[in-house]
Amino acid sequence: MSRSIEIIPAIDIIGGKCVRLSQGDYNAKTEYDASPVDMVKRFVDHGFTRIHAVDLDGAKAGKPCNLSTLEKMAMASDAARIEWGGGIKTDDDMRDSVNAGCAYAVIGSVAAKQPELFDKWLGQYGNEMLVLGADLRDGKVAVSGWLGTTDITIDDIVTRFLPGGLTQAIVTDISRDGMLQGPSFDLYTEIQRRYDTVDFTVSGGISSAGDVARCAELGLRRVIVGKALYEGRVSLNELERIC
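The following refers to the structure shown. (Residues numbered from 1 in each chain as written. Predicted model: local features only at pLDDT ≥ 70, side-chain atom pairs only at ≥ 80, totals over all residues. Heavy atoms only, no water.)

Quick look at the packing of aromatic side chains
The following threshold applies: Planes of paired rings set the category: under 30 degrees apart is stacked, over 60 is edge-to-face and the rest tilted, where pairs are Phe, Tyr or Trp rings (Trp by its six-membered ring) whose centres lie within 6.5 Å. Secondary structure elements follow DSSP: runs of H or I of four or more residues count as helices, runs of E of two or more count as strands, with numbering from the N terminus. When accessible area is computed with a 1.4 Å probe and restricted to protein chains, residues below 20% of their type maximum are described as buried, those above 50% as exposed, and intermediate ones as partly exposed.
What the rule picks out here adds up to 3 aromatic pairs. Aromatic pair Phe-118 and Phe-161: ring centres 4.4 Å apart, planes at 50 degrees, arrangement tilted. Taken together, the residues span a long stretch of sequence, with Phe-118 in helix 6 (residues 115–125) and Phe-161 in helix 7 (residues 154–161) at a distance of 43 residues. For Phe-161, a relative accessible area of 0% gives the class buried.

Shown next, in the form of structure tokens:
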């Protein structure tokens, strides 16, 4: 029997517009007609209030580039809670993102390369806001908009921050991202089993409502749905029925 799962629709942003990449390749970009603000309103109308948004320009540049878009998205609905990531590297970046309206800040490169700064932010902003972003390529954490790779494993990075109160992590399997081939179910069930106090979000590969339902059946707690929505492979109405 399925258990409840939180479904988080995604918005990827380049130049203030909705796009999707395949496997993080900036040269494999599809641009969509709807604006990020329009998508926020649509998601909220269907009951999805936590919305995952990635500043792809910021991820590439190493500093937020679409904060004005974030501000418009956050103001689009009182119910919207924007989960924002991409290029947050400094105290100023964090402050500016919070001031622009992000409810959750997804931190990837800093967590991998400057763990003391992530620790500081966990203490300063709290584990309700701070979300670890762990993007995996061949089992190792990628950084800088997936343009760089480390030797850090998912276990390395999760156990590093557990003592500081980490409770949320988005794990993306880059090989599956935007490919509509289904997520790495084994990866997510195993890490969720090992670290029960952390709410892991499945990210990458969701191709259908069936994939989301399978995540729920496996006891996974959160799932991001992106390209499948934009390509019409799953509808918001279908997702409403699952959660």
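Still more ground to cover, so stick around.
Observations regarding the nonpolar core
Heads up, the condition is: Here, nonpolar core refers to any group of buried Ala, Val, Leu, Ile, Met, Phe, Trp, Tyr and Cys residues whose side-chain atoms link them within 4.5 Å. Note on contacts: a residue pair qualifies if any of its non-hydrogen atoms lie within 4.5 Å across the two residues.
Counting residues in each nonpolar core, the largest one holds 69 residues, and the members touching the most others are Ile-11 and Phe-118. Per element, the largest residue contribution to this core is 5 residues, and it comes from helix 1 (residues 36–45). Sequence-distant contacts of Phe-118, that is, excluding residues within four places in its chain, are made with Ile-107, Val-110, Ala-111, Leu-130, Val-131, Leu-132, Phe-161 and Leu-166. By size, the runner-up hydrophobic cluster in this structure holds 8 residues, among which are Ile-8, Val-106, Ile-170 and Ile-224.

What to know about the environment of Ala-228
Along the chain, the position of Ala-228 falls in helix 10 (residues 227–230). Residues Ala-228 and Ile-13 lie 215 residues apart in sequence; the distance between their C-alpha atoms is 16 Å. Sequence-distant contacts of Ala-228, defined by excluding residues within four places in its chain, comprise Leu-180, Ile-206, Ser-207, Arg-233 and Val-234.

Here we look at the side chain of His-52
Keep this limit in mind: Distance and chemistry together define a polar contact, namely a pair of N or O atoms within 3.5 Å, with one atom able to donate a hydrogen and the other to accept it when in protein, and with adjacent residues in sequence counting only for side-chain atoms on both sides.
By the secondary structure assignment, His-52 is in strand 4 (residues 50–55). By relative accessible area, His-52 is classed as buried at 10%. Separated by 2.7 Å, the side chains of His-52 and Glu-83 make a polar contact. Those residues within four positions of His-52 in sequence are excluded, and the remaining contacts are Ile-8, Pro-9, Ala-10, Ile-11, Glu-83, Val-106, Ile-170 and Ile-224.

Notes on the pairing of strand 6 (residues 104–107)
Put simply, the rule is: Pairing between strands requires that DSSP locate at least two bridges from one strand to the other. A clockwise course of the path from the first strand over the helix to the second, judged with the strands pointing away from the viewer, identifies a crossover as right-handed.
Residue alternation in strand 6 divides its side chains into two sets, Tyr-104 and Val-106 and Ala-105 and Ile-107, and both sets are buried. For strand 5 (residues 81–85) and strand 6, the ladder comprises 3 bridges, and the chain directions are parallel. Considered in strand 6, the bridge of Glu-83 is made with Tyr-104. Note that the unit made of strand 5, helix 4 (residues 91–100) and strand 6 has a crossover that is right-handed. Bridge analysis of strand 6 against strand 7 (residues 130–137) gives 3 bridges, and the strand direction is parallel. Its bridge partner lying in strand 7, Ile-107 is registered against Leu-132.

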